[in-house]
Amino acid sequence: MSEIKKVAVIGAGVMGSGIAAHVANAGIPVILLDIVPAGANDRSALAKGAIEKMLKTKPAPFMHPRVARLVTPGNLEDDLDKLADVDWICEAIIENVDLKRKLYATLEQKRKKGSIVTSNTSTIPLDLLTEGLPESFAQDFAVTHFFNPPRYMRLFELVKGPKTKPDVIEALRRFGDVKLGKEVVDCKDRPGFIANRIGIYWSTVATALAYDLGLTVEEADSIVGKPMGVPKTGIFGLADLTGIDLGPYVVGSMLKTLPKTDPLHLFYKADHPLNALMQKMIKDGYTGRKGKGGFYRARGKEVLDLGTGEYRPLRRANLDSAKAARKGLRALVEHDDKGGQYAWGVLSRVLSYAADLVPEIVDDIAAVDTAMKTGYAWKYGPYQQIDQLGTGWFADKLKASGMPVPKMVEIAAGRPFYKEENGKAYRLTPKGDYAEMVVAPDAWLLADIKRGKQPVLSNRGASIWDVGDGVACLELHTKMNAVDADIIAMVKEATKIDKKGFKALIIGSDSDNFSVGANVGIALFQANIAMWPAIEQGISEGQDTYMKLKYAPFPVVAAVGGMALGGGCELAMHSSAIQAHAESYMGLVEVGVGVIPGWGGCKELVTRAITNRKRPGGPMPALAQVFEAISTAKVATSAMEARDMLILRDSDGITMNRRRLLADAKAKALELAKDYKPPVPVEISLPGPSAKAAMSLAVEGFFQQGKATKHDVVVSGALANVVSGGKTDITEVITEKKLLELERENFMALIKTNATLDRIEHMLTKGKPLRN
């Protein structure tokens, strides 16, 4: 089939409903069906209830409440005829092979010819699922394994059967990649596929060894956490997050399907004391965050003592090995304290396990690394971690520990699993040779472009790269891409790249975040020694530079992904266009540190609100929306929400797959460059003092109710002065220059207050806003 345009999901549980929601996020209509509950007045109550629950869930399965309209609820008795025009039916019912086969037999009678049917199973082999069903069904059948929650976890494991048609797999791969934004990994039909096969073994080893070696929960999480490139929850925190009651189930499922020679069988002990402790926790309702608590409870203030089984106050872990890990993975496992011994105990087993699974579960080592990074949120995959240790060193250390050397490590024979030569990247194959890692022209990272090249221009904060076809890319590379003087200087250089033969510019990088805003630490230092002229010069410099970017004679496209806050959001808003990853979190959050946007953020939102053809009535409703968004530091939790806030315009694009973001931004820039003309300067009229009075009155009301602090009133007053237009009225014309002057004046007034300096210092030292 050529394209998937309509989807049905069978099973409205957590996974099924989450899959349906994410299909809707992609703008695709989806039918959600489940059984008719006994005695229900509404026969589609399960599907309807799932949709209603998701609209209240945080983090939200839907990228915007309105996309829920794309999900049509129904039931398996009355609504099977609706499958007649569905292109893909995804089954996500309970893991019972007989029930699944019975369902498939029914679907075979109702589905349209050539439609795709898949299962979200993670434990049942594909050949068992299709046993006894017609060949026509088997040809259209595959496994599509999502990870929970489907919106946020990027891994999409795709498994074909011996009879699955190639065009079925290609259609699913394309849809999963482009529409759903997933990293699609082709797996062999083996128990647990890739991520769960390794991940379940990893979690079993890491929790049991912590108990055996006498580590506390806090100590274990301080090692199998950030030092190993694992999410900061750590291994026990992860169990709380996923559900402690899930652990025995998934381990049991794997033990049933894996051969007795598998290391999971050899390591797992049913009578291990930790298993008994977990069973008691489950019985008592301590199933993790969804229950009364787990290994942690009372909002993380109490922790379970693994020895006594009782809760005690949380104690910060203080292992020297965790500190040594700052020097690298080898420094961690070579340390002689119990944390180092624990780290080696976990990594020696888990990395060996992963290195022995190729080519059993997949032929490509990069697929293993991708699966663990996108399915379990590891920073580095198993083969990348072995490269950090050194394949030769790892082999020698295993031998010294009396452990066998895995076959892929033997094949490496001291060579790295990955290497770069002549601007190309290679991976080691099971045959012992290296294969080039080919980069798709429409899905690449900046690292792929930079390999073996030098930047056009560079300083400590940013660089400009030639990404081909006359397009340059401005890459920010400070910590979290916080904007400082070096970045401003490079943005200024970027406004002149047409003089170097470029016809368009994109702004983006491979970083997790576009930019978290201005480096406020510099402003605090300058304020503490009363360097007010330097601060004002910095504001003026930023304003001038961003305006030059906006009115550059060539198109500028900001490729926004992750957080774009404060000055980073302002940078994006001064681009000709934005191509945003669907998971973009954008907002003007400066009030959190006691100031207002000073690099044109107020100006941009005000002018967009006033010139918006869709705005209701006069200027006040539109200005009230701007005032509320900035004064409450509102952050859009998706690109769709950013469009509602006018941070994204209707003409801006949204990319579902992060790997495609820069390529999509480049394509947009080239399209704009064909007949590009800089925008016409904006002139508007604003109400002035009457609008300011209304805004200030609203804030005073919040203050009287205890919802706003004393300094909130001061900051909001300065913001109201800018948003209203200052000393003007609706008959006068306000230019962008005038709005920038108002921003600068009010910013400077706030930065000179002690309360604002307290907010900045508190944010820098505590990492959260001060309510003063």
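Residue indices begin from 1 for each chain and proceed along its sequence in written order. Given that the model is predicted, a residue must reach a pLDDT of at least 70 before its local features are reported, and side-chain atom pairs must reach 80 or more before they are shown or counted; all residues, however, enter totals for whole chains, interfaces and linings. Excluded from the side-chain calculation are hydrogens and water; included are all heavy atoms of the structure.

Before going further, it helps to spend a moment on the nonpolar core. We define a nonpolar core as any set of buried Ala, Val, Leu, Ile, Met, Phe, Trp, Tyr and Cys residues linked to one another through side-chain atoms lying within 4.5 Å. Only protein chains enter the area calculation, which uses a 1.4 Å probe; residues under 20% of their type maximum are buried, those over 50% are exposed, and those in between are partly exposed. Grouped together as the largest cluster of nonpolar side chains are 109 residues, with contacts concentrated most on Ile194, Trp202, Phe295, Tyr342, Val346 and Phe417. Working rule for contacts: check all heavy atoms of both residues, and any pair within 4.5 Å makes them a contact. Beyond its immediate sequence surroundings of up to four residues, Val346 is in contact with Trp202, Val205, Ala206, Leu209, Val224 and Met228. Ile596, Cys602, Leu646 and Met695 belong to the second-largest nonpolar core, a separate cluster that totals 79 residues.

Moving on, we come to the pairing of strand S6 (residues 141–146). By the criterion of burial, S6 is predominantly enclosed, with 6 of the 6 residues buried. One ladder, built from 3 bridges, connects strand S5 (residues 116–119) with S6; its direction is parallel. The partner of Thr118 across the bridge, within S6, is Ala142. Helix and strand labels come from DSSP, where a helix needs a run of H or I of at least four residues and a strand needs a run of E of at least two; each type is numbered from the N terminus. Strand pairing is defined by DSSP finding a minimum of two bridges between the two strands.

The next subject is unusual backbone geometry. Residue Pro59 follows Lys58 across a cis peptide bond; omega there is -5 degrees. When you line up the elements, Pro59 lands in the loop between helix H2 (45–54) and strand S3 (71–75). With an omega dihedral of 15 degrees, the bond running from Val358 to Pro359 counts as a cis peptide bond. With respect to the helices, strands and loops of the structure, Pro359 is situated in the loop between helix H15 (338–355) and helix H16 (365–375). Phi is positive for Asp469, which is not a glycine, with a value near 60 degrees. Within the element layout of this structure, Asp469 appears in the loop between strand S16 (462–466) and strand S17 (471–476). Phi is positive for Asn481, which is not a glycine, with a value near 55 degrees. Here Asn481 lies in the loop between S17 and helix H21 (485–494).

A surface patch of positive charge is lined by Lys226, Arg326, Lys379 and Lys479. Locating Lys479 in the fold gives a position in the loop between S17 and H21. The class of Lys479 is exposed, set by a relative accessible area of 73%. Put simply, a patch holds well-exposed residues, over 30% relative accessible area, that have no salt bridge, with like charges counted together within 9 Å and Val, Leu, Ile, Met, Phe, Trp or Tyr side chains within 5 Å. To measure how exposed things are, a 1.4 Å probe is used in the Shrake-Rupley method; for residues, cover is taken only from the protein chains shown. Just to be clear on terms, a salt bridge is a Lys or Arg side-chain nitrogen sitting within 4 Å of an Asp or Glu carboxyl oxygen. Only four residue types enter the charge count, namely Lys and Arg as positive and Asp and Glu as negative; His and the chain termini do not. Charge positions come from single atoms, namely NZ of Lys, CZ of Arg, CG of Asp or CD of Glu.

Right, let's get into the packing of aromatic side chains. Here is the rule: rings of Phe, Tyr and Trp (six-membered ring for Trp) pair when centre to centre is within 6.5 Å. Planes less than 30 degrees apart are stacked, more than 60 are edge-to-face, and the remainder are tilted. Across all of its chains, the model carries 15 aromatic pairs by this definition. Ring centres of Trp202 and Tyr376 lie 6.1 Å apart, and the angle between their planes is 90 degrees; this geometry places the pair in the edge-to-face category. Taken together, the residues Trp202 in helix H7 (residues 195–212) and Tyr376 in the loop between H16 and helix H17 (382–389) connect sequence positions 174 residues apart. Since its relative accessible area comes to 17%, Tyr376 is described here as buried. Pairing Trp344 with Trp393 gives two aromatic rings, centres 6.1 Å apart and planes at 85 degrees, and the pair type is edge-to-face. Residue Trp344 is found in helix H15, and its partner Trp393 is found in helix H18 (residues 391–400); the two are separated by 49 residues along the sequence.

Bringing the packing of helix H29 (residues 689–704) against helix H30 (residues 710–723) into the picture now. Here, axes are lines fitted to C-alpha atoms. For helices the fit covers the stretch in contact, and angles between N-to-C directions go from 0 to 180 degrees. For the pair H29 and H30, the least separation of the axes is 9 Å and the interaxial angle reads 165 degrees. Relative to H30, the element H29 lies roughly antiparallel. Note on packing geometry: the crossing formed by H29 with H30 is right-handed. Residues Lys692, Met695, Ser696, Val699, Glu700 and Phe703 of H29 lie in contact with H30, whose contacting residues are Lys710, Asp712, Val713, Ser716, Gly717, Ala720, Asn721 and Val723. When its residues are assigned to classes, the contact of H29 with H30 shows 6 nonpolar, 4 polar and 4 charged. To sort the angles, those under 35 degrees are grouped as roughly parallel, those over 145 as roughly antiparallel, those from 65 to 115 as roughly perpendicular, and the leftovers as oblique. A clockwise turn of the near helix away from the far one marks a right-handed crossing, whereas an anticlockwise turn of less than a right angle marks a left-handed crossing. All residues other than Ala, Val, Leu, Ile, Met, Phe, Trp, Tyr, Cys, Pro, Asp, Glu, Lys and Arg, Gly among them, are scored as polar; the first ten of these are nonpolar and the last four charged.

Scanning all chains against the criterion turns up 53 salt bridges. Two residues, Glu77 and Arg43, come together in a salt bridge whose shortest N-O distance is 2.8 Å. With Glu77 in the loop between S3 and strand S4 (88–91) and Arg43 in the loop between strand S2 (30–34) and H2, this pair connects stretches of sequence that are 34 residues apart. On the accessibility criterion, Glu77 (55% relative accessible area) is exposed. Assessed through its relative accessible area of 34%, Arg43 is described here as partly exposed. Bridged by salt links that share partners, the residues Lys550, Lys603, Glu604, Arg608 and Glu736 form one connected network.

So, on to the side chain of Glu108. By secondary structure assignment, the location of Glu108 is in helix H3 (residues 97–110). Since its relative accessible area comes to 18%, Glu108 is described here as buried. In contact with Glu108, not counting residues within four places along its chain, are Pro134, Ser136 and Phe137.

Turning to the sheet that holds strand S9 (residues 296–297), a few remarks are in order. Judged by pairing direction, the sheet is antiparallel, and its 3 strands sit side by side in the order S9-S10-S11 without closing on themselves. Two strands lie at the open edges of the sheet, namely S9 and strand S11 (311–313), each paired on one side alone. As judged from the 2 bridges shared by S9 and strand S10 (residues 302–304), these two strands associate in the antiparallel manner. The residue of S10 that forms the bridge with Tyr296 is Val303.

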